[in-house]
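# Structural features, examined
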Amino acid sequence: MIKNILKKAIFIFVMFLCNKTVSALSYEGCDYQTIANLKNVINNINISYDYHEEDNQVYFDVTINNIIPQIYFVDSNDGKTYYYSDTNSGEITIKNYTYASNYKFYSNIDECKGLSIGTKYYTFPTYNRYYNDPLCEGINDFEMCKKWVKSNVSYDTFVSSVVKYKNSFNNQAVIDEPFEYEESFSDYLAELYVNYYYYFFIGIIVICVTIILISRRKNRFKL
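This report concerns the structure included in the present document. (Residues numbered from 1 in each chain as written. Predicted model: local features only at pLDDT ≥ 70, side-chain atom pairs only at ≥ 80, totals over all residues. Heavy atoms only, no water.)

## As for the overall build of the chain
A count of helical and extended segments in the chain gives 4 helices and 9 strands. Each helix (α) and strand (β) of the chain, taken in turn from the N terminus, gives the series α-β-β-α-β-β-β-β-β-β-β-α-α. Taking all 223 residues of the chain together, the buried fraction comes to 24%. Considering only residue pairs separated by 6 or more positions, the chain has 51% of its internal contacts joining residues 24 or more positions apart. (Helix = DSSP H or I, 4+ residues; strand = E, 2+ residues; numbered from the N terminus. Buried < 20%, exposed > 50% of the residue type's maximum accessible area, 1.4 Å probe, protein only. Contact = heavy atoms within 4.5 Å.)

## Thoughts on the pattern of salt bridges
Applying the stated criterion to the full structure yields 2 salt bridges. Salt-bridge contacts for Glu-53 lead to Lys-147; the nearest nitrogen and oxygen are separated by 3.1 Å. Here Glu-53 is found in strand 3 (residues 46–54), whereas its partner Lys-147 is found in the loop between strand 9 (116–122) and helix 3 (155–176), with 94 residues between them in sequence. Its relative accessible area of 33% is what places Glu-53 among the partly exposed residues. In this structure, Glu-143 and Lys-146 form a salt bridge, with 3.6 Å as the shortest nitrogen-oxygen distance. Residue classification places Lys-146 among the partly exposed positions, given a relative accessible area of 35%. (Salt bridge = Lys/Arg side-chain N within 4 Å of Asp/Glu carboxyl O.)

## Re unusual backbone geometry
Unusually for a residue other than glycine, Asn-66 sits at a positive phi of about 70°. Note that Asn-66 resides in the loop between strand 4 (57–65) and strand 5 (71–75). For Asn-66, a relative accessible area of 39% gives the class partly exposed. Unlike most non-glycine residues, Ser-89 shows phi in positive territory, near 55°. Examined against the element boundaries, Ser-89 turns out to sit in the loop between strand 6 (81–82) and strand 7 (92–97).

## Concerning the sheet that holds strand 5
Pairing within the open sheet is antiparallel, and its 4 strands lie in the order 6-5-8-9. Strand pairing shows two members of the sheet lacking a second neighbour, strand 6 and strand 9, which therefore form its edges. With 5 bridges connecting them, strand 5 and strand 8 (residues 101–107) associate as antiparallel partners. Counterpart to Val-74 in the pairing with strand 8 is Lys-104. Strand contacts of helix 2 (residues 32–43): strand 5, strand 8 and strand 9, with the helix running at about 10° to strand 9, the strand carrying the most contacts. (Pairing = 2+ DSSP bridges. Axes fitted to C-alpha atoms, helices over the stretch in contact; angles between N-to-C directions.)

## Points about the layout of surface pockets
The volume enclosed by the largest pocket comes to roughly 190 Å³. Lining the largest pocket, in full, are Gln-57, Val-58, Phe-60, Thr-98, Tyr-99, Phe-124, Pro-125, Thr-126, Tyr-127, Arg-129 and Asn-152. Its residues assigned to classes, the lining of the largest pocket comprises 6 nonpolar, 4 polar and 1 charged. (1 Å grid on protein atoms, 1.4 Å probe; cavity = no way out; pocket = protein on both sides within 12 Å on 5 of 7 lines; lining within 4 Å. Points joined across faces, edges and corners; volume = space filled by probe spheres on them. Nonpolar A, V, L, I, M, F, W, Y, C, P; charged D, E, K, R; others polar.)

## Details of the sheet that holds strand 3
The strand order across the open sheet built from 3 strands is 3-4-7, with neighbouring strands paired in antiparallel fashion. Edge strands, defined here as strands with exactly one partner in the open sheet, are strand 3 and strand 7. Going from strand to strand, the sheet's axes swing by 20° on average, the running direction of each strand aside. Note that strand 4 and strand 7 share 4 bridges and pair antiparallel. Note that in strand 7 the partner of Thr-63 across the bridge is Thr-93.

## With respect to the state of the cysteines
Per the counting criterion, the structure on display carries 2 disulfides. A sulfur-sulfur separation of 1.4 Å characterises the disulfide bridge that pairs Cys-30 with Cys-112. Taken together, the residues Cys-30 in strand 2 (residues 30–31) and Cys-112 in the loop between strand 8 and strand 9 connect sequence positions 82 residues apart. Across the disulfide, Cys-136 is cross-linked to Cys-145 (sulfur-sulfur distance 2.1 Å). (Disulfide = S-S within 2.5 Å.)

## Comments concerning the pairing of strand 4
A large share of strand 4 lies buried, amounting to 7 of its 9 residues. Across 9 bridges, the pairing between strand 3 and strand 4 is antiparallel. For Ile-47, the partnering residue across the bridge sits in strand 4 and is Ile-64. Hairpin remark: strand 3 followed by strand 4, antiparallel, with 2 residues in the connecting loop; positive phi at Asp-55, about 50°.

None of this, on its own, says anything about what the molecule does.
This is how it looks when you write it as C-alpha cells:
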C-alpha cells in the first residue's frame, strides 16, 4: 500500500517537473525551437549598400535580402516597419540614407507576433565633400583629398591641411634641387695636381738630379 502511494507521488512529481521544463522551453507563445529557427534566419540576412552623389552630398541605398514571411523588421532610422509583402521575393532596397542606423527584427508568427528576434547593424564610410575641391588638383593621393575619410572636418581645417601639405611638398622639392658649385682658382690648382701629380714628381726628380750633377762637376773642377 505504502509502495503504491510512493510510486504515485513520484509519478506526479516527475510530471510536474516535465510540465515546468516544457514551459521553460517556450517564450511569449513561441517554443524554443521556433525562436532558434528565427534567430538563424536573422543571422542569414545580408545587408549591402550602394551610393550616389547629388549636389555635393552622398546618399546610400541599402539592400536587405533573405527576408521570409515569418519575420518583419523596423528601420530605426525612421521607425518604418517592413513586411515580406514589401519585398521582392525576400529582397528589398531602401534608398537615400544619409547616416547609418540598424534594423530590429521581430517574429511575424501568430503565436508570438512581435517577439524581438535580433538586430542587424549597418554602417557607411564617411564621405569627404571636399575631395573635388580645386585645391586637391594633382594631390588626389593626399588623405584629405580622398573621397572617403575617417573624419569629417570643417572647410577651414581642410584648407589648412592641404596648404600645409603642399608647402611641405614644395620645400622638399627645393631640398632635392641639385646644387651648382662654382670652382675657385685654388680648386682648379688642386684638381690639376690630383690629375697630373706624377708629372710634378718626375719634374722634381729631374731637377734634383740635374742640381746634383752640376754640383758634383763644380766640385771636381775645384780639385
